[in-house]
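Tertiary structure, described
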Amino acid sequence: MRLLLSLALSALLALPAAARPLTAAEGESLGKAVDLYLAAIGRGDAVKIVGALPPRMLNVFAGATGVEADKLTDTLVEQTKAMTKAAKFRDLAAGRTGLNAEDETLADGNQATWVLLPTAFTTESKGQKTRHEQPLLALNEGGAWYFLRIEGPQSQQLVSIAYPFLAKVTFPPAKAAAVQ
């Protein structure tokens, strides 16, 4: 009987969380956060861009590199500054309609709500323009929205260390195409 109960509980825990529409308050706060994030990218504001990373991800990066989180943040800001000098980001847009949220409880008991936003933007570097379409992971933890680009299996694997519930999520592939 215990084995049967244990298997039933395991099966229930393995089920994916149910997607739900964003509440009006969540939609409003997400919209404001996305606007601020996209504006920071458009301005090349490295401090704001790096500041939009979830603290859990910074801890994962710090653990993987052996660098203290504060020093890692400084390094990421410098790298982001270099990237935004080398490439200009234009026509930034994020889909905002028909979004579904999912709620998860993390191992430490904290709650996280996540939404996958379709985004599109154009980069210009060395006279070449490229149009990008990729998912943007929006995570709400502790009442704040954070953002991560998911560009493929490696970035998903890294994100899954901090947020294990994302390990089995199928993210749309990132796409890029040259534009005239």
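So, here's what we can say about the structure. (Residues numbered from 1 in each chain as written. Predicted model: local features only at pLDDT ≥ 70, side-chain atom pairs only at ≥ 80, totals over all residues. Heavy atoms only, no water.)

**A look at the pattern of salt bridges**
Inspection of the entire model under this criterion finds nine salt bridges. Notably, a salt bridge pairs Asp45 with Arg43, separated by 3.1 Å at the nearest N-O pair. Linking Lys81 and Glu78 is a salt bridge whose minimum nitrogen-to-oxygen distance equals 3.7 Å. Taken together, the residues span about one helical turn, with Lys81 and Glu78 both in helix α5 (residues 69-86) at a distance of three residues. (Salt bridge = Lys/Arg side-chain N within 4 Å of Asp/Glu carboxyl O. Helix = DSSP H or I, 4+ residues; strand = E, 2+ residues; numbered from the N terminus.)

**Looking at the packing of helix α4 (residues 55-65) against helix α6 (residues 153-162)**
Packed helices, taken two at a time, are described by their axes: the angle between them and the distance between them. Across the interface, α4 lies against α6 with an axial gap of 9 Å and an inter-helix angle of 105°. With respect to each other, α4 and α6 are oriented roughly perpendicular. Only Leu158, Val159, Ile161 and Ala162 of α6 make contact with α4, whose side of the interface consists of Arg56, Met57, Val60 and Phe61. Taken together, the residues of the contact of α4 with α6 break down into seven nonpolar, no polar and one charged. (Axes fitted to C-alpha atoms, helices over the stretch in contact; angles between N-to-C directions. Parallel < 35°, antiparallel > 145°, perpendicular 65-115°, else oblique. Contact = heavy atoms within 4.5 Å. Nonpolar A, V, L, I, M, F, W, Y, C, P; charged D, E, K, R; others polar.)

**Observations regarding α5**
Across its 18 residues, α5 extends 26 Å between first and last C-alpha, which sits within 8% of the 26 Å expected from 1.5 Å per residue. Among the residues making up α5, those that are buried are Leu72, Leu76, Val77, Thr80 and Thr84. The arc enclosing the buried residues of α5, seen along the axis, measures out at 140°, which places them on a common side. Counted as exposed and oriented over 90 degrees from the buried face of α5: Lys71, Asp74 and Lys85. (Expected span 1.5 Å × (residues − 1). Buried < 20%, exposed > 50% of the residue type's maximum accessible area, 1.4 Å probe, protein only. Arc of directions from axis to C-beta.)

**Observations concerning the packing of aromatic side chains**
Per the stated rule, a full pass over the model turns up four aromatic pairs. Ring geometry for Tyr37 and Phe147: centres 4.8 Å apart, planes at 20°, overall stacked. Separated by 110 residues along the polypeptide, Tyr37 in helix α2 (residues 24-43) and Phe147 in strand β6 (residues 144-149) bring together distant segments of the chain. Taken together, the ring pairs in this structure connect Trp114, Tyr163 and Phe165 into an aromatic cluster. (Phe/Tyr/Trp six-rings, centres within 6.5 Å; stacked < 30°, edge-to-face > 60°.)

**Observations regarding the pairing of strand β5 (residues 128-141)**
By the bridge criterion, 14 bridges tie strand β4 (residues 111-125) to β5 in an arrangement that is antiparallel. Residue Leu117 lies in a different strand from β5, and its bridge partner there is Leu136. The turn linking β4 back onto β5 is made up of two residues, and Lys126 within it adopts a positive phi angle of 55°. Joining the antiparallel neighbours β5 and β6 is a turn of two residues, in which Gly142 adopts a positive phi near 65°. (Pairing = 2+ DSSP bridges.)

**Focus: a positive patch on the surface**
A contiguous patch of positive charge, built from Lys85, Lys88, Arg90 and Lys129, is present on the exposed surface. With respect to the helices and strands, Arg90 occurs in strand β2 (residues 88-94). (Patch = residues over 30% accessible without salt bridge, like charges linked within 9 Å, V, L, I, M, F, W, Y side chains within 5 Å. Areas by Shrake-Rupley, 256 points an atom, 1.4 Å probe, with all protein chains shown as cover. Lys, Arg positive; Asp, Glu negative; His and termini not counted. Charge placed at Lys NZ, Arg CZ, Asp CG, Glu CD.)

**Describing the environment of Ala120**
Tracing the backbone through its elements, the reader meets Ala120 in strand β4. Along the backbone, Ala120 and Ala138 are 18 residues apart, and their C-alpha atoms lie at a distance of 15 Å. Other than its neighbours up to four places away in sequence, Ala120 contacts Asp91, Leu92, Ala93, Arg131, His132 and Glu133.

**As for unusual backbone geometry**
One non-glycine residue, Asp91, lies in positive phi territory at about 50°. Within the secondary structure layout, Asp91 lies in strand β2. Not every positive phi belongs to a glycine, and Lys126 is a case in point at roughly 55°.

**Section: the nonpolar core**
The biggest cluster of nonpolar side chains holds 24 residues, and the ones touching the most others in it are Leu137, Val159, Tyr163, Phe165 and Leu166. Listed by contribution, the elements that provide at least two residues to this core are α3 (46-51), α4, α5, β4, β5 and α6. In contact with Tyr163, other than residues within four places in its own chain, are Pro54, Arg56, Met57, Leu106, Leu139 and Glu141. (Core = buried A, V, L, I, M, F, W, Y, C linked by side-chain atoms within 4.5 Å.)

**Looking at α4**
One turn of the α-helix equals 3.6 residues, which is why residues spaced by three or four share an orientation. Residues of α4 that are buried: Arg56, Met57, Leu58, Val60 and Ala62. Buried positions along α4 lie against α5, β5, β6 and α6. Downstream of α4 by a residue or two, Gly66 has a phi angle that is positive, lying close to 75°.

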